[in-house]
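Residue strings, one per chain:
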Protein chains: 2
Amino acid sequence: MISFKAAYQKVLDHRQDYGKEDVPIKAAMGRVLAEDIRADRNFPPFNRATKDGIAIDYTAITAGRTTFKIEGLLPAGTAPRLLADTSHCVEIMTGAVVPANADTVIMYEHLLIGDGRASLSRIPIRGQEIHLEGSDKKRGDLVLPRDIKITAAEIGILATVGKALVPVKKLPKTAVVSTGNELVEITENPLPYQIRRSNIHTLYGALSEEGIVPNEFHLADNKEAMREKLPPILRDHNTVLLSGGISKGKYDFVPEILEELGVTKIFHQVSQQPGKPFWFGIQKETGTIVFSFPGNPVSSFVNYLVYFKDWLKSSMALPIPKIHVILAEDISHMGDLTLFLRVKITNH
Amino acid sequence: MISFKAAYQKVLDHRQDYGKEDVPIKAAMGRVLAEDIRADRNFPPFNRATKDGIAIDYTAITAGRTTFKIEGLLPAGTAPRLLADTSHCVEIMTGAVVPANADTVIMYEHLLIGDGRASLSRIPIRGQEIHLEGSDKKRGDLVLPRDIKITAAEIGILATVGKALVPVKKLPKTAVVSTGNELVEITENPLPYQIRRSNIHTLYGALSEEGIVPNEFHLADNKEAMREKLPPILRDHNTVLLSGGISKGKYDFVPEILEELGVTKIFHQVSQQPGKPFWFGIQKETGTIVFSFPGNPVSSFVNYLVYFKDWLKSSMALPIPKIHVILAEDISHMGDLTLFLRVKITNH
């Protein structure tokens, strides 16, 4: 029996790097960025009007001008043009390129427009309402660092710099494997002494939150079946999550068969509650990591949350957040097992 | 112009109920349960051994017996059987049915086994190591209430009670629509005065977190195109999220065309920053809700987070969590606009 702290460390010590792959931006949510992303152009890419109104050359104002002949209209998305006469103005829309010989934008709210002319109702500040080219990022600047989880905000940035394909870290190819002769499918009507498979569904749901779609298997509590079915599962996956068959029962063959198949035991049994029988190992030949959880639903899920989730974060080079909470009531605990309790966190 | 508080309330007042549908359990993660879920049998469904060891009738111990002839072996998943002789024992595995004429299970750790007999190394407590039939839930008891978000833990419970198909609330059929002649696709190389579409991708990513896969559209800044393309979008979706075209520019046709197409304006412009130009309305005829966000990426995303997310929660009858934080530094703010600031929440 190993302490929780030692077991947890051994699990993290077996973090893996599965390399990277390109996925379409629509599939990148929740994935971990595998490369630094840099600006492919200046941002903004041009001197951009941030208001609807007129663009002028401020020297005209310095020279005392407050009414400007309107030369034309510049919508967003049109090619840049110059003021034909720098004592004139051009109507300009948000997102349009400010003429190279203009330097100030004045919004409609501060203008009187009529008779082909715009008159200022207040004196503007030179340079106002223009988002200058490259003022957010210069071409080549870092816009997103690698090793971060991609959320909707990052998706917008990736789109802006043209990353239709996003370099992300590969996730482990994962199998979830139930054992236990008492288990039947959810769609079946169990006999009085049978129960439905549930751990595999809990794990499937939990893994799907990590972007992992596991393959599912079931093994009967019988050595021959395990010897036949486990080798291809170990060969074809990076991680195998088993449930059941690791306690002291006469049909708990999982540890024995795993070792027989070349999976080296890192530890078996952790001084913790629930989830004490947890077995953890690695098949050296393939690098496949085996998390073998107890069959009890709470034990299996707690071990998943405590060990697998942090192992995965660690393998993706993501930080492991620690949340500190204040207990609302005393908890008494005797013995030296590490206790995992279900708590409800409220935020005041 | 309307206050943030009034605008927010008007948005929530337009929450909708889109009814329910059955989805396969594998697709139920993150969805909202639409019906109370009840136990289809007692849980546990039988008196269940919780340890590997032997089952006995405690009266034998009361009569002074401490060594028991082993009658046989009861693995999990086998039909119940009785002790042939209640002064004997049967080996029993975790998850197996305790014989009806036994009442106590003793784990191997507290036994000496040899010569076809099991001897107690300590006196057990009557009834120990048995999870009694129906002690968790009786058939018909509520196991999950409706109106909760389904996480991995609920998936396990749904599997246990045989819900291969899960009744969940329907999500709104949603369109995301960009406007703006300056926008090009991510895969394109923008001309110097063009930028790539990004809001639509941010919204796509954010919606995907809610289980919504939106349909995507783009409208040119031109009234005819909008008159032609918007009607089927409004007809075929429950919610339409537009980006751009709602400010004071000469090409900001969206509010005018929406009203022309029978979308009643609930409000336009909110006393907030960013996202002031936000336009919100409903097409009474179809019940389609229109969130028309500004084209600025931050404005659009903030409005999505502040209004759409809570509108969706409200439509799904989910509680809207309020998180209180302590500011690490003073924020000075002049004027009466409601200010939305990006913060980083840390937990100490």
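Draft legend 1. Layout of helix H7 (residues 297-315) of chain B. Residue and element names in this part refer to chain B. In this model, H7 (19 residues) spans 25 Å end to end at C-alpha, consistent with the 27 Å of a helix rising 1.5 Å per residue. Of all the bends in H7, the greatest measures close to 35 degrees and is centred on Tyr304. Counting buried positions along H7 yields 15 of 19 residues, so the element is predominantly enclosed. The opening residue of H7, the one whose side-chain oxygen lies 2.9 Å from the backbone nitrogen of Val298, is Asn296. One or two positions beyond H7, positive phi appears at Ala317, with a value near 60 degrees.

Draft legend 2. The packing of aromatic side chains, seen in detail. One pass over the structure, following the stated rule, counts 35 aromatic pairs over all chains. Considering the side-chain rings of Phe278 of chain A and Tyr307 of chain A, the 4.7 Å spacing of their centres and the 45 degrees angle between planes classify their relative orientation as tilted. Here Phe278 of chain A is found in the loop between strand E20 (270-273) and strand E21 (279-283), whereas its partner Tyr307 of chain A is found in helix H7 (residues 297-315), with 29 residues between them in sequence. Considering the side-chain rings of Phe267 of chain B and Phe280 of chain B, the 5.5 Å spacing of their centres and the 25 degrees angle between planes classify their relative orientation as stacked.

Draft legend 3. A look at the sheet that holds strand E5 (residues 53-56) of chain B. All names here are of chain B. Spatial strand order, E8-E5-E7-E6-E10-E9: 6 strands in an open sheet with mixed pairing. Either end of the sheet is taken by a strand with one partner, and the two such strands are strand E8 (104-107) and strand E9 (111-114). Between one strand axis and the next, the sheet turns by 35 degrees as a mean value, whatever way the strands run. Relative to E8, E5 is paired through 4 bridges, and the arrangement is antiparallel. Counterpart to Ala55 in the pairing with E8 is Val105.

Draft legend 4. Fine view of the interface of chain A and chain B. Of the residues lining the interface, 63 residues belong to chain A; the matching set on chain B comes to 63 residues. Here chain A and chain B share an interface that buries about 4,900 Å² over both sides, 63% of which is from carbon and sulfur atoms. The largest share of the area that chain A buries against chain B comes from Lys26, Tyr193 and Arg196 of chain A, three residues that together contribute 13% of it. For the pair chain A and chain B, the number of links is 6 salt bridges. We note a salt bridge from Lys250 of chain A to Glu91 of chain B, for which the minimum N-O separation is 3.0 Å. For the pair chain A and chain B, the number of links is 18 residue pairs in polar contact (both at pLDDT 80 or more). Sorting the residues of the side of chain A that touches chain B by element identifies helix H3 (152-160), strand E16 (195-196) and helix H4 (199-209) of chain A as the ones contributing at least two each.

Draft legend 5. Representation of the relation of the copies chain A and chain B. Turning chain A through 180 degrees and shifting it by 0.0 Å along the axis lays it on chain B, with an RMSD of 0.1 Å. The operation mapping one copy onto its partner corresponds to a two-fold rotation axis. Residue Glu209 of chain A, judged by its C-alpha, is the member of chain A lying nearest the rotation axis, at 4.9 Å. Mapped onto chain B, 100% of the interface residues of chain A are again interface residues, and the two copies thus contact each other with one and the same surface.

Draft legend 6. Region of interest: the sheet that holds strand E22 (residues 288-293) of chain A. All names here are of chain A. Taken in spatial order, the 6 strands line up as E17-E14-E18-E22-E21-E19 in an open sheet, and their pairing is mixed. Sheet topology places strand E17 (215-219) and strand E19 (263-268) at the edges, where each strand pairs with a single neighbour. Averaged over all adjacent pairs, the angle separating strand axes in this sheet is 20 degrees, with direction ignored. Examined bridge by bridge, E21 and E22 share 5 bridges and lie antiparallel to one another. The residue bridging Ile282 from the neighbouring strand is Ile289, located in E22. Its contacts with the sheet place H4 against strand E14 (174-179), E17, strand E18 (239-243) and E22, and it is angled at close to 165 degrees to E14. Its contacts with the sheet put helix H5 (residues 223-236) on E14, E17, E18, E19, E21 and E22, and the angle it makes with E17 is roughly 165 degrees.

Draft legend 7. Layout of the pairing of strand E5 (residues 53-56) of chain A. Relative to strand E7 (residues 89-92) of chain A, E5 of chain A runs antiparallel, the two being bridged by 3 bridges. Paired with Gly53 of chain A across the bridge in E7 of chain A is Ile92 of chain A.

Draft legend 8. Broad picture of the pairing of E18 of chain A. Residues and elements named next belong to chain A. Burial runs high along E18: 5 of the 5 residues are buried. Side chains Thr239, Leu241 and Ser243 of E18 all project onto a buried face; the interleaved residues Val240 and Leu242 project onto the opposite face, where all are buried too. Two strands pair when backbone bridges link them, and E14 and E18 are joined in this way by 5 bridges, in the parallel orientation. Residue Thr174 lies in a different strand from E18, and its bridge partner there is Thr239. Where E18 meets E22, 5 bridges bridge the pair, whose relative direction is parallel. Residue Val240 lies in a different strand from E22, and its bridge partner there is Val290.

Calculation criteria
Residues numbered from 1 in each chain as written. Chains lettered and ligands numbered in written order. Predicted model: local features only at pLDDT ≥ 70, side-chain atom pairs only at ≥ 80, totals over all residues. Heavy atoms only, no water. Helix = DSSP H or I, 4+ residues; strand = E, 2+ residues; numbered from the N terminus. Expected span 1.5 Å × (residues − 1). Bend = angle between axes of the 7 residues up to and from the residue. Buried < 20%, exposed > 50% of the residue type's maximum accessible area, 1.4 Å probe, protein only. Polar contact = N/O pair within 3.5 Å; in protein donor to acceptor, adjacent residues only side chain to side chain. Phe/Tyr/Trp six-rings, centres within 6.5 Å; stacked < 30°, edge-to-face > 60°. Pairing = 2+ DSSP bridges. Axes fitted to C-alpha atoms, helices over the stretch in contact; angles between N-to-C directions. Contact = heavy atoms within 4.5 Å. Buried area = accessible area lost by both parts, 1.4 Å probe. Salt bridge = Lys/Arg side-chain N within 4 Å of Asp/Glu carboxyl O. Least-squares fit on C-alpha atoms with pLDDT ≥ 70 in both.

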